[in-house]
Amino acid sequence: MSKGAAKNNDAADAYEIVMDAIVTQKLTPSQKVSENILSDMFGISRTVARNLIERLIAQQFLVSLSPRVTQVAPLTLLEIKQNFTLRKILLPEVISLSGAKVDFKHINALHEKIQRSLPIKDDLSALDILKINKQLNLALCTPAGYPLVDDWARQLEDTAMRIYWLYVKTRKSFPYSSEQQSIILDVIKTDEPKKIYTVVQEMILQTEERILNAIFSHEQFYTQDLLV
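Being a predicted model, the structure only gives us computed values, none of them experimental.

Caption draft 1: Looking closely at the packing of aromatic side chains. One pass over the full model with this rule turns up two aromatic pairs. Ring geometry for Y164 and F174: centres 6.3 Å apart, planes at 80°, overall edge-to-face. Here Y164, found in helix 7 (residues 147–171), pairs with F174, found in the loop between helix 7 and helix 8 (178–189); they are ten residues apart in sequence, far enough to count as distant. The pair Y164 / F174 is uniform in exposure class, with both members buried. Relative to Y176, the ring of F174 lies with its centre 5.1 Å away and its plane at 65°, an arrangement referred to as edge-to-face. The buried category is assigned to Y176, whose relative accessible area is 10%.

Caption draft 2: Region of interest: the sheet that holds strand 3 (residues 69–72). Ordered by their spatial adjacency, three strands build an open sheet running 1-3-2, and the pairing between neighbours is antiparallel. Since the sheet does not close on itself, it has two edges, and those belong to strand 1 (32–33) and strand 2 (62–66), each with one partner. Looking at chain direction, strand 1 and strand 3 are connected through two bridges and run antiparallel. Bridged to V33 within strand 3 is T70.

Caption draft 3: Region of interest: helix 6 (residues 123–141). In a regular helix each residue adds 1.5 Å, so 19 residues correspond to 27 Å; helix 6 covers 27 Å between its end C-alpha atoms and thus fits that length. The N-terminus of helix 6 is capped by D122, whose side-chain oxygen sits 3.3 Å from the backbone nitrogen of L124.

Caption draft 4: How the structure looks around helix 3 (residues 46–58). Compared with the 18 Å implied by 1.5 Å per residue over 13 residues, the 18 Å span of helix 3 between its first and last C-alpha is a close match. Burial in helix 3 covers these residues: V48, A49, L52, I53 and L56. Seen along its axis, helix 3 keeps its buried residues to an arc of 135°; they face one direction. More than 90 degrees from the buried face of helix 3, the exposed residues found are E54 and A58.

Caption draft 5: Looking closely at the side chain of Q59. Structurally, Q59 can be placed in the loop between helix 3 and strand 2. Polar contacts involving the side chain of Q59 include one to the side chain of Y15, which spans 2.9 Å.

Caption draft 6: Molecular detail of the packing of helix 4 (residues 77–98) against helix 9 (residues 193–216). Between helix 4 and helix 9, the least distance of the axes is 8 Å, while the angle of their chain directions is 165°. Judged by the angle between their axes, helix 4 and helix 9 are roughly antiparallel. Crossing of helix 4 over helix 9 shows right-handed handedness.

Caption draft 7: Representation of the pattern of salt bridges. Enumeration according to the criterion identifies ten salt bridges in this entry. Note that E35 and R46 form a salt bridge whose closest N and O atoms lie 3.3 Å from each other. Of this pair, E35 sits in helix 2 (residues 35–42) while R46 sits in helix 3, and the two are eleven residues apart along the sequence. Connected via shared salt-bridge partners are E16, D20 and K131.

Caption draft 8: Spatial organisation of the packing of helix 7 against helix 9. One way to put it is that helix 7 packs onto helix 9 with a least axis distance of 10 Å and a crossing angle of 60°. Considered as vectors, helix 7 and helix 9 are oriented oblique to each other. At the point where helix 7 passes helix 9, the crossing takes the left-handed sense. Between helix 7 and helix 9, the residues in contact are I163, Y164, L166, Y167, T170 and R171 and T207, R210, I211, N213, A214 and I215, respectively. Tallied by class, residues from the contact of helix 7 with helix 9 come to seven nonpolar, three polar and two charged.

What counts and what doesn't
- Residues numbered from 1 in each chain as written.
- Predicted model: local features only at pLDDT ≥ 70, side-chain atom pairs only at ≥ 80, totals over all residues.
- Heavy atoms only, no water.
- Phe/Tyr/Trp six-rings, centres within 6.5 Å; stacked < 30°, edge-to-face > 60°.
- Helix = DSSP H or I, 4+ residues; strand = E, 2+ residues; numbered from the N terminus.
- Buried < 20%, exposed > 50% of the residue type's maximum accessible area, 1.4 Å probe, protein only.
- Pairing = 2+ DSSP bridges.
- Expected span 1.5 Å × (residues − 1).
- Polar contact = N/O pair within 3.5 Å; in protein donor to acceptor, adjacent residues only side chain to side chain.
- Arc of directions from axis to C-beta.
- Axes fitted to C-alpha atoms, helices over the stretch in contact; angles between N-to-C directions.
- Parallel < 35°, antiparallel > 145°, perpendicular 65-115°, else oblique.
- Left-handed = near helix turned anticlockwise from the far one by under 90°.
- Salt bridge = Lys/Arg side-chain N within 4 Å of Asp/Glu carboxyl O.
- Contact = heavy atoms within 4.5 Å.
- Nonpolar A, V, L, I, M, F, W, Y, C, P; charged D, E, K, R; others polar.

Encoded structure:
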């Protein structure tokens with residue numbers, strides 16, 4: 001392996017490690033971060049940490065308050081509503097374009113992995129399920145053939161993982177059922193864009209309602225960052 005390839009792998013590994021920490025709130029919303037903090041916490045080089053901070057700021061997972069102060073992006077009801085609004089705009093359209101071009105063998109394998117991982121026993125299993133679910137959602141988008149849209153969907157799914165973490169931790173379950181997922185896959189197989197659009201949008205709406213209900217039922221979430 002070349003030095004360049006090794007560096008790319010280091011950067012990819014570091015990104016996943018830090019994003020996992022943001023999702024699971026080991027790096028809590030609004031927590032200060034720096035090259036030294038990331039290097040000490042995760043054993044990555046300061047150069048990789050510096051580049052990673054710039055990338056995460058661009059993706060709005062970190063927020064730069066001043067040249068010397070960078071924080072984990074807050075997680076408030078506004079961020080949650082914004083994420084669901086954008087997902088309702090983007091995902092139904094993209095998945096309806098993917099249609100029958102989706103690799104259903106791969107999708108079914110991911111779906112089965114989620115089911116085998118339930119019920120959620122601990123933080124590790126919760127994170128694994130969220131990451132598999134992200135893979136599944138992105139696999140539904142990629143066949144549409146728009147790389148830029150893939151990037152947007154990936155950013156939305158990373159934020160969705162932060163949001164779903166709240167539900168998983170407070171409800172000890174996943175925000176939608178195996179039956180719901182199976183219904184959507186059956187409709188996608190029909191390759192009928194209007195039907196696909198409708199069922200995907202409806203599932204996102206139902207998921208949003210469950211997430212918000214879970215949050216509203218916990219008084220601690222009303223006026224502060226959404227910590228669990």
